[in-house]
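Summary of the model geometry
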Amino acid sequence: MLKEWGDGSDGIVISMASSPGLPKTSLPWADGDIDLESPNRNLAPISTELDSRGRLRVGGCLLSDLAARFGTPLYVLDELSLRQACVAYREALLRHYPGPSLAIYASKANSSLAITALVASEGLGLDAVSAGELLTALEGGMPPERIVLHGNNKSAEEMQLALQHGVAVVVDNWRDLELLQELCQGLSSKVPLLLRFTPGIECHTHEYIRTGHLDSKFGFDPDQLETVLRFLANCSWAHLRGLHAHIGSQIFELTPHRDLAAVLADALLLARSLGHNVTDLNVGGGLGIRYVNSDDPPSIDCWVQVVAEAIAGACKERGLDLPRLLCEPGRSLVASAGITLYQIGSRKEIAGFSTYVAVDGGMSDNPRPITYQSEYTACLADQAAAPAVEKVTLVGKHCESGDVLLRNLDLPASKPGDVLVVLATGAYNASMASNYNRIPRPAAVLVADGRAELVQRRERPDELLRYDVLPERLK
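What comes next is a walk through the structure. (Residues numbered from 1 in each chain as written. Predicted model: local features only at pLDDT ≥ 70, side-chain atom pairs only at ≥ 80, totals over all residues. Heavy atoms only, no water.)

**Some details on helix α1 (residues 63–70)**
Every buried residue of α1 is listed here: L63, S64, L66, A67 and F70. Summarising the axial view, the buried residues of α1 lie within an arc of 155 degrees, below the 170-degree limit, and thus occupy one face. Opposite the buried face of α1, by more than 90 degrees, sit the exposed residues A68 and R69. G71 sits one or two residues past α1 and shows a positive phi near 85 degrees. (Buried < 20%, exposed > 50% of the residue type's maximum accessible area, 1.4 Å probe, protein only. Helix = DSSP H or I, 4+ residues; strand = E, 2+ residues; numbered from the N terminus. Arc of directions from axis to C-beta.)

So this is what it looks like as C-alpha cells:
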C-alpha cells in the first residue's frame, strides 16, 4: 500500500511508496520509504507528492504545470532535498568527528548562483575548478575563506583570481607551483594551499570517475610527496594548510575510505615532521546516489561516520592532533534533488525489435548515458501510478544513434505532448550540457512550498550565434 497523508480533498495526497507488491511501475521508487534524512538514497526528491488524480508534484508544484509554464526540457530542483542533504552532512560531521570540520560542495556537479547561495546559507563551503565556477561562487555569496580552487591545469588567470580573493589553492602538480611562485612575487601575505596527491586506492566505479588510483591525471604521485613538501618548506609565499586525496565518484563501498584515512594520516605525519603546520585533511567526496531501484548507496550519516572515525583513529594511532576534517560532496548533495521534464514527441515501432519514443531533449541536456552508460529511472508526470503496458527505448532528438536516455523503460500508454520525468538528474546534467546540434540549453527552476522560481533562463536559438564572427570576405 501507499503511505498517504491527507484525504485528497485538496487534490493532494502525499504518497511515499512502501510496498514492493505494487505494479512494477506504479511508482518508480516503489520498493521502500522515502529516506527523509539522506536524500542520496532516494530516487525522487523528498517533497514528491502524488495527488488524488495520480499526478506528480515536487515542491508543491504540479510537474505538468511547470512544463507548460516554463517549457521543456526543464531542470527542476527541489529546495527541500538540497537543504536536507546539506544539513545531513553538517550534522553528521558534528556528531561523528570530535574535531573541527567543514563540508565543501563540489560545484562541478551543478554550478549556479542560486545553488551557491543556498549551500552557503547552510554553512557549507565550495570547491571550484575554473574561473567560471569561482566567479559563480563569489557572486553567489560564498565567503572566500570557505572556497577552494581545484584543477589539474589551472591557468594564470584562474590562479590570479583565487589570489585576489584569498581563496585557498589546491596544488595538483609542479606547474601549479611554478605559476604560483611567479604570481606571488611581492605579495605581503602567504597563500593558503592544500596539496593533492594520489593515494593509490581504486574503487569499483566507471574508469572515467576513478581518481584515486596511481594512474591518474590528478595529483602528485605518492613517491613525490616528500620532495614537494621539502620544496614548499622553502617557499616564503606558501602556507601549506592542508592535504587532499580523492578516490573517485559514485562509490557505494566504505572500505576504501577507511584505507584512505591511513594514507592521509601518514602524509600528515610527514608534513608536520618537515615543519608544515598542516591543519586540514580533505578526503574528497565520492558518495554515490540511487539512480535505479537496485542501487543501494550508504546513507550520508553512515559515510561520514566511517570517514570521521577512520581519520580520528588513524591520527590517534600516530599521536597526531586532530586536523580539521574536510569532505567534498557533490553528486550526493544535489543529484537526487533534481529532475528533468521532457515532452514526448515522435514514436517508431519496429516489430520484433524496439519501440522508440523520442523526447524534446537528450544528450545535450544529459550526456551521462552516452558518456558513462549511466542508467536512470523515469515515469510520466500525470500517470505516475498507472501500470505499465509497454517497454520502450527512450531516445533524444539529436542526430546521433547513441542518443539514448533509457532502454527497456516500462511505461503506461503515452502520446505526443505527455510530460515525461527523469529522476535524479540534479548532478552532471546542467553542468555538462552542451549546444550540440545548436540546441539551446534548458531553463532551470527551484521549487519550494508551491513556488517555482526561475534560476537559469532558457537559451534562445538566436543567442547561439552571439560568439560567431563572419569574415567580411564571406558575406
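That shown, we press on.
**Remarks on the pattern of salt bridges**
Evaluated as defined, the whole model comprises 25 salt bridges. Between R41 and D296 there is a salt bridge, with its nearest N and O atoms 3.1 Å apart. A residue pair is termed long-range when its members are at least 10 positions apart, and R41 in the loop between β2 (12–17) and β3 (49–51) and D296 in the loop between β13 (280–282) and α9 (300–317) qualify at 255 residues. By relative accessible area, which is 28% here, R41 ends up partly exposed. Of the residues examined, D296 reaches a relative accessible area of 52% and is grouped as exposed. Overlapping salt bridges, with partners in common, bring together E79, R83, R90 and E122 in one network. (Salt bridge = Lys/Arg side-chain N within 4 Å of Asp/Glu carboxyl O.)

**Observations regarding the nonpolar core**
One finds L193, I311 and L420 to be the most contacted residues of the largest nonpolar core, which totals 106 residues. Per element, the largest residue contribution to this core is 11 residues, and it comes from α9. With residues near it in sequence (within four places) discarded, L420 still touches T340, L341, Y342, I344, A378, C379, L380, L394, L409 and L411. Within the second largest apolar cluster, 23 residues are counted, among which are L43, L56, V421 and A443. (Core = buried A, V, L, I, M, F, W, Y, C linked by side-chain atoms within 4.5 Å. Contact = heavy atoms within 4.5 Å.)

**Some points on the environment of R438**
Structurally, R438 is set in the loop between β20 (419–423) and β21 (443–448). Taking the C-alpha atoms as reference, R438 lies 6.9 Å from L464; in sequence the two are 26 residues apart. Ignoring anything within four residues of it in the chain, the contact list for R438 reads L464, L465 and D468. A polar contact of 3.4 Å, which involves the side chain of R438, links it to the backbone oxygen of L464. A distance of 3.1 Å separates the side chain of R438 from the side chain of D468, its partner in a polar contact. (Polar contact = N/O pair within 3.5 Å; in protein donor to acceptor, adjacent residues only side chain to side chain.)

**Observations regarding the pairing of strand β7 (residues 101–106)**
Extensive coverage of β7 is indicated by the burial of five of its six residues. Bridge count for β7 against strand β14 (residues 324–327) is three bridges, and the pairing is parallel. Directly across from A103, in β14, lies its bridge partner C327. Judged from the three bridges that link them, β7 and strand β8 (residues 125–128) form a sheet pairing that is parallel. Bridging across to β8, A106 finds its partner in D127. Crossover connection from β7 via helix α3 (residues 113–121) to parallel β8: handedness right-handed. (Pairing = 2+ DSSP bridges. Right-handed = clockwise from strand over helix to strand, strands pointing away.)

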